[in-house]
Structures are given as structure tokens and as C-alpha cells.
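Here is how the chains run, residue by residue.
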Amino acid sequence: MSQSFDDISAQLKRRHRQSTHLKWVSMGALGLAGLFLVLFFADMLVKGLPAFQQAQIQVQVDYSEQARQLPLAALNEEVRPLVSRGYLRLIPRRIQENPQLLGTTRMEWVLADSQVDQYLKGHHSKLKPGEQSVVERLQAQGRAELKFNTTFFTNGDSKMPELAGIASAAMGTLLTLVVTLAIAFPIGVMTAVYLEEFAADNRLTQAIEININNLAAIPSILFGLLGLAIFINFFGVPRSSPLVGGLTLALMTLPVIIIATRTALRSVPESIRHAAFGVGCSRWQVVRDHVLPLALPGIMTGSIIGMAQAMGETAPLIIVGMVAFIPDVTNSFTEAATVLPAQIFTWAGEPDRAFVEKTSGGILVLLAVLITLNATAVVLRKKFERRW
Amino acid sequence: MSGHERSRHASSRPEPGQPVTRNTDANHELSIRVRDLNLWYGQSQALKNVNIDIYQKNVTALIGPSGCGKSTFLRCLNRMNDLIPNVRVEGLVEMDGRDVNAPKMDEVALRRRVGMVFQKPNPFPKSIYDNVVYAPRMHDLVSRKAEQDELVEKALRDAGLWEEVKDKLQEPGTSLSGGQQQRLCIARAIAVQPDVILMDEPTSALDPISTATIEDLMDKLKQQFTIITVTHNMQQAARVADYTAFFHLGEIIEYNDTKTMFANPAVKKTEDYITGRYG
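This is a predicted model, so every value here is computed, not measured.

Caption draft 1: Expanded view of the overall build of chain A. Across its full length, chain A carries 15 helices and three strands. The globule rule puts the C-alpha radius of gyration for 388 residues at 21 Å, and the 29 Å found for chain A is more than 25% above it. Across its three principal directions, the C-alpha atoms of chain A cover 100 × 70 × 40 Å. By residue count, 39% of the 388 residues in chain A fall in the buried class.

Here you go:
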């Protein structure tokens, strides 16, 4: 006796119910992940966006002979505590560079102290009540405003929050990544090409493969120790320099690039290799003319993602001394430098309340660069992907 | 066929590897001589004492059931088996007086003279023009642009593809239909003017019309080249081949000119296979 449709439907009900449940659970998980992402971005934006604005106040600056010796004298007593000490410090030099300033009095927009900045942004501030009323009066007169913070993008680190910027860290990151790319990319790609296209499949190459996969899973701080032991202590590469940081990150990125390249090479159809061997290509010609061009989008994508990973890495760089206070923007591979995540780490440890927004602002900049890098990876892959 | 006739054929065999009867209209100059060829994949033997003489400017078909070693044998002729790990080859494959498997023989030089067309059309992911011109340029056969253009046109004409693609030479080879792609692969193979062209089931992925085109093409190409083709299709062997070798379990059971082989197979196994009793 065969079953009727009704019998079968009755059995199916439970199975359908199960799959509906599973669907809702999966969608819930996805929703939760999305929610966390939105929360994270919202928190970063709320905390970080104020960092791109900085308070400035309009004050009367008196370029007198006295101000040349004692910069504070250039300002009205009332606004003295409100102006950034970083600005005051520059007054004698400005007079020296522009002697015609001497003896004049001008109204100027100057960088305010970070406490004024925090006060205007509605955060907790250490301004005394008298100072607060001065700020409020200036604000009412339109002489105290939040303006776009160019300092944040042009300055290096500073102990004065209003002068602290990410330029030196960004430069350090750039130099470090140049070193990493220059070392990890060619070595990684050639290693993968050798293992995938030339080496025989024997115990030795299998052991190498396992070890490369393991290297990719090693905690990055160990690469820092390796970098410290080999590059700094043995080869004497300058400590804290983009060179040693780049070399250390190259060690870390190598397995990522090797694995990505091998996957890309493996995805090239075997028939293409056969065709090339069939017309009399040598092994190297097969790789150079046929396999590598087809694998290139995959190789580039993997490498860019590896570089993005290296860029966000802090732990190994702490070990090789790249978490340093770098006020000047360097462009040397051998001088002390810091990188974006290390700068964020440093700011996060500052006691001053004004550094909280710098920290979030730095994270926003890092995120923007990372998203740009990943988008580049996608675009490159689309562009070079041959659809034939 | 009676047992008497069979023994007469067997005793008239002067040397192993030659067909029992000779197709008298065909060319009898030797192209490839194979003696006592054995091949192992690891422990399992895929070819057993294969002896065969391949004649120039003929089509020789290799037929037999799946896994009988005919493709393996084909790949011995241009040493494509080198690419497979754990392959061991013993015996003689002689071409132009030289042992193909000798250590001094460069497989790149061998493949320059022994071209190959594969089962699945596999044009390079390049333009039609570059597909044809790539190998000749690599082997320094042509350098000037005019020479290249001439060679591309000649190869495509010989492959019967020129009229269809002459206006779109810069389009990717993979944009063509399956049959056109296979003719492009043939054009690519003949562009370096090889002596021998190996075809490994060249029509098994194609529709009947494309198959007929390729078969006509093989008939034309044998004026210039020695063609060895593997086929699953007995009618195809009967249509295009001058000589046919029947492989079974790694051995050549029978090798003869096609007409005799199909009309009068000398061995019972061959007869069973070609009449469709197994395989």
C-alpha cells in the first residue's frame, strides 16, 4: 500500500518546521552580527568625529618687544590660559621670521587650549568658573568656534592634545608597509610558485607546506620576538625603525601571501598547463606566460588583505620598539617611527580626557585606510579577472 | 574468419609492430617506431609490451575500451606522461632515429615536433591571434609582424577556421563555439609545423556537426602531418583512419589497416569489440 499525499504531508510538517526554525536562527545570528557592527561604527563615529574639529579663539595678539622674550605678554591676561601653549611658544620665532610684525597688534584666530576645546564640545573640562565665563563671552561674540582640525592630519604626536596628530604615525605606517611589501610579496609569490609548479610532491614539500600553514596561525607577538632577536640583536637593524618593523611584519605576512598565491595557482585549470606544455613550453614559460597571468587577481587580492592585516598589527611592533613618542614626521627608513595602531594604543593610555576623541579619531582614520585597501583589492580583482 | 586464416596472418607477420596487411595506397615511410614499451603508474602496469610502427602522413586511430591504455600510449609519444608523478616508462619510442625517452632528448624539442590536441578544447585565455602565434614566436619561428600575420592566416586556413574568425582575430579564443575552439587548438598545434599531431579524443566533447568538420579536417591535414588519434567512436576510426590499433588492457591486440581491420578482424576480441559486443 503506497502512502497518500496527506500521509506524506503530515510527516513533512515537522521537517518543514525544523527548516523554518533554522532559517530564523541563522537570520538572528546575522542580525546580531550586523547590530554589533552598527553599534561599533556608531560608537566610533560619535566619539571620533569630534576629533576632526578643534576649538579656535579670536584674540588680540600684541607683537611687542616684550612678547619676544616672554610670549605670554603678547596676550591679554584674561585669555592667556585659554590659548594653546603650543601657539604661544611659536610667537618669538614668528617675529624673528617676519620682523615687520614687531610692534603691531592684530586680531588672530589661534588654537585654543584643549580644555577650551573640551568645554565647547560639552565634555568635562578643568576650566575655572572665571575662565568658563570668558569662553562663553567669546563664544557669544562669535570669537570662539570649532573649526576643522588640520593639525590632526599635519602634526606628529604631542603631549598637548590640541597639537597631537597622526601624520607621523601615518608616515611610519606607509614606510613600514613599503618594506613589508617589498620583502614579503616577491619572496612569497616565488615560494608559492616553486612549491606549486616546480617542487615534487614528497615528504619534504609536505612538511614545508604544513609548517607554512602553521606559521600563518602563530600569534603575531612571537614574530615580534623573532624580529627582536634576529633583526635587532643579531643584524643590528636600528630599533623602532620602519625597517625593522617592516621586516618583522614581512615575516608575519609571508605565510598569508604564500597560501593565497598557492590557492590562486591551484585554481588555474590544469588544461591550460597541458596546452602550454603541448606546444613546447618549458616549465618556466608555462608559469610566466599562462599560469601567473591567470592567477594574478587572486595573488593581488591575497596580498592586499595580508598587507591590511599587517597594517592593523600592533603586538609585534611593540616588541621591536615601534610604540614610541614621535613628534616629528620622519621620512627615513632607519629613524624611530610609530605606526597608526601603535599611535592609537599610545593615545588610549593617556590620562587626559581630550585624548579619548583622538583615540577614536585615529581608529576612524585606520578604518578608512583599511576599507580603502580592501576595496582596492576587490576592484583590482574585478578589473584583472578575465572572463574567458 | 576461420582459424586457418588467422594463423596465416600471424605467421606472415615479419616483425612485431607492423600491421599484418598493408594499406597499399598509403605512405609507408616510418614516422615513429615503438618497441616493447611498458609503462607503470606506481605499481599498476598500464602498457604491456607495446610494439607499433606509425607511418608518416597517415591517420592512425587507437581504439579500445576505457582504461585500455590508448591515451597513456599517446602521451608517451610526446612525453606528456613526464608531468604525472610516479610514472615509469621502459622500452623504445624512436622518432627520426632518436630515442624519445633518452636522457639527452629534450622534451621541449620533442613537443615542438610532436604537437597535441586535447579532449576538451583548451585554447589559451588570449586572443585568437595570440593563441596561434604564441608558440611560433616562442620557438623563434617568426619575428616580424608581417610574418606573424601570414603564419596566423595559414594556420587558421589549414585548420578550416579562417573564414569564420578573420574579422575577429583579437577576440578571446574562448568566445568561440566548442567546435571552433577545437579547430583553434588544431591551428595552434600546426602553427609550429610539427611532424606528428597527437589527438586525444578530439571530438568527444563536440556535437555531430562539429565532429564531422574535424574529421574532414583530419583527412586534409594528413597531406602534411602524421596524425595519431585516440577515439571511442569506432565509426570515426572507420571513417578517418588509414591504420587502426586495437588496445585492450594495456596491450595492442591487433594493428592493421583500417579497412581490413573492420572488414576482417584477425582476432576474436577485436571482432567482439568493433561489433559492439563489449566495450
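Caption draft 2: The arrangement of the UniProt feature "domain: ABC transmembrane type-1" (unreviewed entry) in chain A in detail. Following the UniProt record, one finds the feature "domain: ABC transmembrane type-1" (unreviewed entry) at residues 170-377 of chain A. From the first C-alpha to the last, residues 170-377 of chain A spans 20 Å; its make-up is 76% helix and 0% strand.

Caption draft 3: Broad picture of helix α12 (residues 283-311) of chain A. Here α12(A) contains 29 residues, and its C-alpha end-to-end distance of 36 Å is more than 12% below the 42 Å for a straight helix at 1.5 Å per residue. Along α12(A), the sharpest kink reaches roughly 55°, centred on A:L292 and followed within four residues by the proline A:P293.

Caption draft 4: Up close: the packing of helix α7 (residues 167-198) of chain A against helix α10 (residues 242-266) of chain A. All names here are of chain A. The N-to-C vectors of α7 and α10 enclose an angle of 35°; their axes lie 6 Å apart at closest approach. Two packed elements cross with a definite hand, and for α7 against α10 that hand is right-handed. The residue makeup of the contact of α7 with α10, split by class, is 20 nonpolar, nine polar and four charged.

Caption draft 5: Inspection of the sheet that holds strand β3 (residues 144-148) of chain A at higher detail. Residues and elements named next belong to chain A. Taken in spatial order, the three strands line up as β2-β1-β3 in an open sheet, and their pairing is antiparallel. The open sheet has two edge strands, β2 (105-111) and β3, and neither has a second partner. Within the sheet, the average angular offset between the axes of one strand and its neighbour, ignoring direction, is 35°. The pairing of strand β1 (residues 53-62) with β3 spans five bridges and is antiparallel. Across the sheet, I57 pairs through a bridge with A144, a residue of β3.

Caption draft 6: The arrangement of the UniProt feature "domain: ABC transporter" (unreviewed entry) in chain B in detail. Cross-referencing UniProt, the feature "domain: ABC transporter" (unreviewed entry) maps to residues 32-274 of chain B in the present numbering. The straight-line gap between the two end C-alpha atoms of residues 32-274 of chain B is 26 Å; of that span, 37% is helix and 27% is strand.

Caption draft 7: Region of interest: the pairing of strand β2 (residues 44-55) of chain B. Residues and elements named next belong to chain B. Note that strand β1 (residues 30-41) and β2 share eight bridges and pair antiparallel. Bridge assignment links W40 to a residue of β2, and that residue is Q45. Between β1 and β2, which follow one another and run antiparallel, lie two residues, and G42 among them has a positive phi close to 60°.

Caption draft 8: Representation of α10(A) in the model. Residues and elements named next belong to chain A. For α10, built from 25 residues, the straight-helix expectation of 36 Å at 1.5 Å per residue is met to within 8% by its first-to-last C-alpha distance of 34 Å. At T253, α10 shows its maximal kink, close to 35°; a proline, P255, follows between one and four residues later. The buried count for α10 comes to 22 of 25 residues, which makes it a mostly enclosed element.

Rules of the game
- All residue numbers refer to position in the chain's written sequence, counted from 1.
- Going through the entries in the order they are written, you letter the chains from A and number the ligands from 1.
- Residue-level local features of this predicted model are given only where pLDDT is at least 70; pairs of side-chain atoms are given and counted only at 80 or more, and the full residue set underlies all totals for whole chains, interfaces and linings.
- Strands here are runs of E lasting at least two residues and helices are runs of H or I lasting at least four, both read from the DSSP assignment and numbered beginning at the N terminus.
- Each radius of gyration is computed over the set of C-alpha atoms, and the globule rule expresses the reference value as 2.2 Å times the number of residues to the power 0.38.
- With C-beta atoms placed from the backbone, a residue is labelled by how many other C-beta atoms lie within 10 Å of its own: buried for 20 or more, exposed for 12 or fewer, partly exposed between the two.
- UniProt positions are given in the numbering used here, feature names are shortened, and annotations may be inferred rather than shown by experiment.
- Here, expected helix span is obtained from the residue count minus one, scaled by 1.5 Å.
- In this analysis the local bend is the angle between axes fitted, respectively, to the seven residues ending at and the seven residues starting at the residue.
- Convention adopted: a line fitted to C-alpha atoms gives each axis, helices being fitted over their contacting stretch, and angles between N-to-C directions are expressed from 0 to 180 degrees.
- Crossing handedness is read from the near helix: turned anticlockwise from the far helix by less than a right angle, it gives a left-handed crossing, and turned clockwise, a right-handed one.
- Residue type decides the class: Asp, Glu, Lys and Arg count as charged, Ala, Val, Leu, Ile, Met, Phe, Trp, Tyr, Cys and Pro as nonpolar, and the leftover types, Gly among them, as polar.
- When DSSP locates at least two bridges between a pair of strands, those strands are taken to pair.

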